[in-house]
Amino acid sequence: MTPLHLAIALDGAGWHPAAWREPTARPAELFTAGYWVDLVRSAEAGLLDFVTVEDSFDLPPLSLDPQHVQGRLDAVLTACRVAPLTERIGLVPTQVATHTEPFHAAKAIATLDFVSRGRAGTRIQVSHRATEFANVGRRTPPDVRDADQLGVLFDEAADHVEVSRRLWDSWEDDAEIRDAATGRFIDRSKVHYIDFAGDFFSVKGPSIVPRPPQGQPVVTALAHVEHAYRLAARSADIVFVTPRDADDAAHIVGLVREAEAEAGREQGEVRVFADLVVFLDRPGESGAARRARLDAADGTEGTEYASDAAILTGSAALVADVLASWQHAGISGYRLRPAALPDDLDAITADLVPELQSRGLFRREYAETTLRERLGLDRPPSRYASAAAATAATGSTAVTTGGVA
Amino acid sequence: MSRPRKQIHLAAHFPGVNNTTVWSDPRSGSHIDFDSFRRFAQVAERAKFDFLFLAEGLRLREQNGRIYDLDVVGRPDTFAVLAALAGVTDRLGLAGTINSTFNEPFEVARQFATLDHLSAGRAAWNVVTSWDAFTGENFRRGGFLPQDQRYERAESFLDAAGVLFDSWAGVEVTADKAATFLGGVPGDGPGRYAVHDNHFDISGQFTVPQSPQGRPVIFQAGDSEQGREFAAASADAIFTRHGTLEAGQAFYADIKGRLGRFGRTHDQLLVLPAATFALGDTQEQAEENAADIRRRQVSGQTAIKLAEQLWNLDLSDHDPDGPVPTVDPVVGENTIARGRASVRQHTDPRETAQKWRDLAAEKGLSLRGVVIEMSARQTFVGTPERVADLIDEYVQAHASDGFILVPHITPDGLADFADSVVPILQERGVFRTEYTGTTLREHLGLALPANTKKAVAS
């Protein structure tokens, strides 16, 4: 079988709301760099493909309660802080398309790609909570019961990604020439206006950041619904989905492939990763017992932790069985959400990874340098390079830069 | 010598997008790879500098309707680089320019509060306002505000960010595992805030607990009347550029004199001019070195382009080694060069052009020669001893509280200064030999904002 890809979704003290109470948790350090550096280094020691970092423009409803973790750092800056202190692991922070400027968002990720030498991605997120809109204050929140209004948010996010992608391409790779003879630092015929004009914003370009090492950093999105599958199919390299079981996984992969065809992309271009919350067995305590204990610590008796993603509880071997079986449904990787940090992350690297390795399903060393390479994605040429070359080949005198229409 | 000596503050500006950065020098490295920023920051930290400063650009410069290609073009995102630098330095302050026109307060406050946490209290924000419709073409807002409203928005922006920074006041990250996540939670939850004024209508809960410095150190750049008032009211430090000791002293007295009206004291606002330097073993060598740097900063092509910015005319047919143009500059709103703050400094272009002609006649200079003379920016030229003397003199004579040094080579141009001038200042007891604090506020001698409690791990 083809080896699997494994990513880790980092958020606070872990995905279970009581995770911060665990004996090994470091809740008072959630806002320190050391905490994040340790987690990402640990994931890197386990040879994992990449980490994602959650974010939003408000505090999620749960965290208004002092029984839960309150507060969160900016994900992009957290990823940048970790980047120089890691070598191989991919770094994929969340960016909220609804409330950010695509120009800023694109240059931040391009810069993350420079500081990490080709390990950057972005997880693009749509925001619909009224509380997020109130914090930004620029416009009124949509009615989320109205499919059209929700659709508009996803269209806006698709435009946001399109602008980022154009900006990343807006400098050709060899635009910097440092030609002392003519005094020119760049060849400006290789730096392009993107001239994006859409319903939500228009962006002239070019980027202020030269083309990043990967050319195109990796774009990801979490999707549960049709609108989101379409966004992913139009815009993303990886879609994170939340199947309940293997059959559901096959069904969702089918939906993604349909949306992909609709968007005019090649079948299979979008990598489908399944999100899974994991409570892994630890020495002296089963995953199920930990889960029950965390539930009890979190509040009223009988309340069980629930998630949008399926929850796996048990041994590394059991989890490995599930990962292998969903692979047949077209899942090419997994984004594991550790229920508690660092315990579940430690269990993933110490138990699950060796289990998968012994089955030939996971790498034994990092072979590739960039995140794109690791995911089997080509480094595309700048979309403007071919246009410029074609123009030159036909002998046209049109200049692709400077043509301020 | 018995009077107490003021302590000097030193900072370093990463050489950037302007003709003073000599990219054609063989020692010039990448201006974009992170390794350049790391090396630059580590030299500054080795020399015990207060902070590193990064400028911001939001659109590539143009001249004659085309992207300007003679200077360094392109740079990374300010926040992203500063956050990464926090990982490879321990004490150095990390200051960045972030404009208040093409951002929202909630987002910027989140980013600076995060940067302050991730650097354990080393963040600083240079608040700028002066961006135009040309830059606005890269943003949703799609435009700009008239000059007066820009400062008004900047003040509102800074006030709103201040409300957000303070919104967790009194809340410590204590995480009592048996009880609640945060200790001492006030009434209706940490981070609760509301801002309603002419520019912003926002409310809710701020996402980032109070950072180690409470608020980032606030810098203001600019020399206008509005800029001076803004700085006196709200900033911790002001960037300036004044040619002579006397001009520096006049500015220093003016800006410090304004503080009382805002209920602030003399030591609550630092004056930190940008400065360049050229060193040599002898004064003659240093001057030769300075002249050589100027010639490389102003090539023939660059001289023409800089002249075009003043004349507001296409002068591409003009010989840089020939005379200063005799035609008058075109005065008007539309400038041939876009995305440059410096163009607006030519307040009376016709008068300036006449000054250039007079200088050419007096000294027998070509156009390029005049441009070199007029744009020369070496503040400090001399042996390390001499440069240390000058810096000390400016600070002791109240022309500044220190300097932000801008080397002309990326990224290693600071090393000479760090290795030769800094030890002399240290020997004289006017510059630290070790960091005594951990935060930038401590380096700068600025008190923590009153309501700040440091996050305490337990």
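Residues numbered from 1 in each chain as written. Chains lettered and ligands numbered in written order. Predicted model: local features only at pLDDT ≥ 70, side-chain atom pairs only at ≥ 80, totals over all residues. Heavy atoms only, no water.

**Q** Can you tell me about the nonpolar core, naming the residues and giving the values?
**A** Formed by 218 residues in total, the largest nonpolar core has its most connected members in Leu48(A), Tyr334(A), Leu10(B), Phe49(B), Trp125(B) and Phe417(B). Broken down by element, this core gets its largest block of residues, 9 residues, from helix α5 (residues 147-169) of chain A. Ala303(B), Trp356(B), Ala360(B) and Leu367(B) belong to the second-largest nonpolar core, a separate cluster that totals 17 residues. (Core = buried A, V, L, I, M, F, W, Y, C linked by side-chain atoms within 4.5 Å. Buried < 20%, exposed > 50% of the residue type's maximum accessible area, 1.4 Å probe, protein only. Helix = DSSP H or I, 4+ residues; strand = E, 2+ residues; numbered from the N terminus.)

**Q** Outline the packing of aromatic side chains, supporting the account with residue identities and numerical values.
**A** Scanning all chains against the criterion turns up 29 aromatic pairs over all chains. Ring centres of Phe196(A) and Phe201(A) lie 6.2 Å apart, and the angle between their planes is 40°; this geometry places the pair in the tilted category. Phe196(A) gets classed as buried once you look at its relative accessible area, which sits at 7%. By relative accessible area, Phe201(A) is classed as buried at 3%. Each ring, one from Trp311(B) and one from Trp356(B), has its centre 5.6 Å from the other, and the planes form 70°; the classification is edge-to-face. Of the two residues, Trp311(B) sits in helix α9 (residues 300-311) while Trp356(B) sits in helix α10 (residues 349-363), which places them 45 residues apart along the sequence. Take Trp311(B) and Trp356(B): they sit in the same class, and that class is buried. Among the aromatic residues, ring-to-ring pairing joins Phe79(B), Phe112(B), Trp125(B), Phe157(B) and Phe200(B) into one connected group. Directly above the aromatic system of Phe240(A) lies the positively charged group of Arg335(A), at a separation of 4.5 Å from the ring centroid. Lying over the aromatic face of Trp15(A), Arg337(A) brings its terminal NZ or CZ to 4.5 Å of the ring centre. (Phe/Tyr/Trp six-rings, centres within 6.5 Å; stacked < 30°, edge-to-face > 60°. Lys NZ or Arg CZ within 6 Å of the ring centre and 35° of its normal.)

**Q** Explain the UniProt feature "binding site: FMN" (unreviewed entry) in chain A to me, and be specific about the residues and the numbers.
**A** UniProt annotation of "binding site: FMN" (unreviewed entry) refers to Asp55(A) and Thr94(A) when read in the numbering used here. Spatial clustering of the annotated residues is evident: they stretch over 40 residues in sequence, but the largest pairwise C-alpha distance comes to 5.6 Å. Considering only the residues just annotated, the largest cavity is lined by Asp55(A) and Thr94(A). Along the chain, Asp55(A) turns up in the loop between β2 (50-53) and α2 (75-82). Note on Asp55(A): relative accessible area 5%, which makes it buried. Setting aside residues up to four positions removed in sequence, Asp55(A) forms contacts with Arg72(A), Leu73(A), Asp74(A), Ala75(A), Thr94(A), Gln125(A) and Arg110(B). Side-chain polar atoms of Asp55(A) contact the backbone nitrogen of Ala75(A), separated by 2.8 Å. Looking at the element boundaries, Thr94(A) is found in strand β3 (residues 90-96). Excluding residues within four positions of it along the chain, Thr94(A) makes contact with Val53(A), Glu54(A), Asp55(A), Ala75(A), Val76(A), Arg123(A) and Gln125(A). In terms of polar contacts, Thr94(A) uses its side chain to reach the backbone carbonyl oxygen of Val53(A), at 2.7 Å. (UniProt positions renumbered as here; feature names shortened; annotations may be inferred. 1 Å grid on protein atoms, 1.4 Å probe; cavity = no way out; pocket = protein on both sides within 12 Å on 5 of 7 lines; lining within 4 Å. Contact = heavy atoms within 4.5 Å. Polar contact = N/O pair within 3.5 Å; in protein donor to acceptor, adjacent residues only side chain to side chain.)

**Q** Give me the lowdown on the sheet that holds strand β11 (residues 270-275) of chain B, citing residues and values where you can.
**A** Sheet strands line up and pair through hydrogen bonds in the backbone, either parallel or antiparallel. Residues and elements named next belong to chain B. Taken together, the 8 strands give a closed barrel; going around it, the order is β1-β2-β5-β6-β9-β10-β11-β15, and neighbouring strands pair in parallel fashion. Strand-to-strand twist across the sheet, computed as the mean angle between neighbouring axes with direction ignored, equals 30°. Here strand β2 (residues 51-54) runs beside strand β5 (residues 93-99); their pairing, made up of 4 bridges, is parallel. Along β5, the bridge assignment pairs Phe-53 with Ala-95. (Pairing = 2+ DSSP bridges. Axes fitted to C-alpha atoms, helices over the stretch in contact; angles between N-to-C directions.)

**Q** A description of the UniProt feature "binding site: FMN" (unreviewed entry) in chain B should follow, citing residues and the corresponding values.
**A** All names here are of chain B. UniProt tags Thr-97, Tyr-151 and Ser-224 as "binding site: FMN" (unreviewed entry). Mapping Thr-97 onto the fold places it in strand β5. For Thr-97, a relative accessible area of 5% translates into the label buried. When near neighbours in sequence (up to four residues on either side) are disregarded, Thr-97 contacts Phe-53, Leu-54, Ala-55, Glu-56, Thr-78, Asn-126 and Val-128. Position of Tyr-151 relative to the elements: it lies in helix α5 (residues 147-166).

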